[in-house]
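Results of the structural survey
Next come the chains, spelled out residue by residue.
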Amino acid sequence: MQVEAYNVKLKKIVGTSEYNFTGLTDISVSQACYDFITLAIDLVNTDVDGGEYYLTISGAGGDYAKYLCNVKDHEYVNSSNVNTLLSSTVKISNL
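The following paragraphs examine the structure supplied in this document. The model shown is predicted, which means the values in this text are computed figures rather than measured ones.

As for the pattern of salt bridges
Applying the stated rule across the entire model yields one salt bridge. For D63, the salt bridge is made with K66, and the minimal N-O distance between the two is 3.8 Å. Look at K66 and you get exposed, because its relative accessible area is 60%.

Topic: the side chain of K12
For K12, the location among the structural elements is in strand β1 (residues 5–12). As a buried residue without a salt bridge, K12 has its nearest oppositely charged side chain in D49, at a separation of 5.2 Å. Engagement of the side chain of K12 in a polar contact is seen with the backbone oxygen of G50, the distance being 2.9 Å. The contact partners of K12, leaving out residues within four places of it in the chain, are S17, D49, G50, G51, E52 and Y53.

Cut-off values and rules
- Residues numbered from 1 in each chain as written.
- Predicted model: local features only at pLDDT ≥ 70, side-chain atom pairs only at ≥ 80, totals over all residues.
- Heavy atoms only, no water.
- Salt bridge = Lys/Arg side-chain N within 4 Å of Asp/Glu carboxyl O.
- Buried < 20%, exposed > 50% of the residue type's maximum accessible area, 1.4 Å probe, protein only.
- Helix = DSSP H or I, 4+ residues; strand = E, 2+ residues; numbered from the N terminus.
- Lys, Arg positive; Asp, Glu negative; His and termini not counted.
- Polar contact = N/O pair within 3.5 Å; in protein donor to acceptor, adjacent residues only side chain to side chain.
- Contact = heavy atoms within 4.5 Å.

Structural data, given as structure tokens:
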């Protein structure tokens, strides 16, 4: 992956809902050209309905990856855990 701003689009498979997160930058401590990126997406202030979505990651070079993902309805609870990074982080894996 290159050092640039990325866009993430969630498009609902059934229905017309679409969510766009633009201008996201890689916040990982690793350097450019690694096989993964870490993008911070604000899901606390963006209410995403549950269901199946196409998740597309794009950038200046076009679409980099497309995934099928399932978003589960949930209620965000602010954790009192000492590790605040993990208490407010959503990890998308096994796509």
